[in-house]
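# Geometric and topological summary
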Amino acid sequence: MVVGVNISSFRFKKKNTKKEEFIPFYSDFSKNKKDCAYSCENVIKVIEEFYKSKILPEQLDYHKKYFGTKKDSFKIEEKNDRIYISFTVICGAYGIKSEITDIDTNEILFKKKINNADVKDFRIMFAFAKNQKGFEINKGVVLFEVIGQYGVKTLTTNKFREFLSNDFHVMPFFYTVSTREAFEKLVENGSFKKINLIKNEVNPEFSNILGINCGKEVRTVALTSIKEKKNFVDKLLNLATSDNEVYEIDDEYDDISITIDMGGRTKTTSIKDIGSLYIVEKLPDDVLDIDGEINIPRIDIAMMQYADDYLNNIVEGDEVVD
């Protein structure tokens, strides 16, 4: 069984605003809604309240999914001037009768009823810089464990959006983060008409002084028929990526989508329909124990390393100018 991780950047904006004014992580989120039921002075408390609100699992009949968070799985770690918040999501599908069969003996072990859910555990981690005077942190990364063909990114981000929107009048935005190698595979599988990329231009001098990443974002919109795909990748990534070739695919909707040309007809296709767009990075084999169970301390360490690799090349926020 292959265990991997899907990585996105994330940030927040007050609901129904169009300005590119993202909410600083270390500000009072509860002030964005009148009569907010929570007291959350920073993003750490917001994530914790989301975790606690889902400990009692819910049935999502429209997806036939059973979703919740696992009790006593919430953990906060501080290391390298960063915050790492991790917890376990439980998720399973129900609604279809089936027979659970031993593939070695062909023996039917259990007959699954329509109200039985095949529940799996998935580890999730939010990572971002610690608060620092003179700087507003407004971007971090979130990592979702992937087990074989199973994952919880779409479902978890949808529930997180619902929670923030209803209870804080805030909307979270998730941008797929990737590397040049993965992007090349995307281009090889389609003739793209439009691609929105975010270039993170990190200021190394500022980062060396304060230990966090300041700089600017440059949004690149590519409109082309891409006749020579290899040349297109070279030209676009020279414009759209940092020296370390880490970029974000802009996503301001529920799902990332791309516009492609299929036989002269332009069609917008959801990320869920293109396997190569679901970018998964393999985790080390030792995150599984001898029985195939996830080792929580090991997977958290591996996720922290992946988080650091991306955070080191992402503009994490803005310098406060007096």
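Structure shown above.
Since the model is a prediction, treat every value here as computed from it, not as a measurement.

Definitions and cut-offs
- Residues numbered from 1 in each chain as written.
- Predicted model: local features only at pLDDT ≥ 70, side-chain atom pairs only at ≥ 80, totals over all residues.
- Heavy atoms only, no water.
- Phe/Tyr/Trp six-rings, centres within 6.5 Å; stacked < 30°, edge-to-face > 60°.
- Helix = DSSP H or I, 4+ residues; strand = E, 2+ residues; numbered from the N terminus.
- Buried < 20%, exposed > 50% of the residue type's maximum accessible area, 1.4 Å probe, protein only.
- Patch = residues over 30% accessible without salt bridge, like charges linked within 9 Å, V, L, I, M, F, W, Y side chains within 5 Å.
- Areas by Shrake-Rupley, 256 points an atom, 1.4 Å probe, with all protein chains shown as cover.
- Salt bridge = Lys/Arg side-chain N within 4 Å of Asp/Glu carboxyl O.
- Contact = heavy atoms within 4.5 Å.
- Polar contact = N/O pair within 3.5 Å; in protein donor to acceptor, adjacent residues only side chain to side chain.
- Core = buried A, V, L, I, M, F, W, Y, C linked by side-chain atoms within 4.5 Å.

A word on the packing of aromatic side chains. Across all of its chains, the model carries 20 aromatic pairs by this definition. Here the aromatic rings of Phe12 and Phe25 are separated by 5.7 Å at their centres, their planes lie at 70°, and the arrangement is edge-to-face. Here Phe12, found in strand 1 (residues 3–14), pairs with Phe25, found in the loop between strand 1 and helix 1 (43–53); they are 13 residues apart in sequence, far enough to count as distant. What makes Phe12 buried here is its relative accessible area of 0%.

So, on to a nonpolar patch on the surface. On the surface, Ile100, Leu109 and Phe110 cluster together to form a nonpolar patch covering roughly 280 Å² of accessible area. Its location among the elements puts Phe110 in strand 7 (residues 108–112). Judged by its relative accessible area of 43%, Phe110 falls in the partly exposed class.

All of the buried residues in helix 1 are Val43, Ile44, Val46, Ile47, Glu49, Phe50 and Tyr51. In this fold, the buried residues of helix 1 make contact with strand 1, strand 3 (65–69), strand 4 (75–79), strand 5 (82–93), strand 8 (118–129) and helix 2 (153–168). With a side-chain oxygen positioned 3.0 Å from the backbone nitrogen of Ile44, the residue opening helix 1 is Asn42.

This part covers the nonpolar core. Membership of the largest hydrophobic core comes to 39 residues, with the highest contact counts inside it found for Phe12, Ile47, Phe87, Phe126, Phe128 and Phe168. It is helix 1 that contributes the most residues to this core, 6 residues altogether. For Phe126, the contacting residues outside a window of four places in its chain are Phe10, Ile47, Ile83, Tyr84, Ile85, Phe87, Val141, Val142 and Phe160. Listed in part, the 21 residues of the second largest apolar core include Met125, Ala127, Val177 and Ile314.

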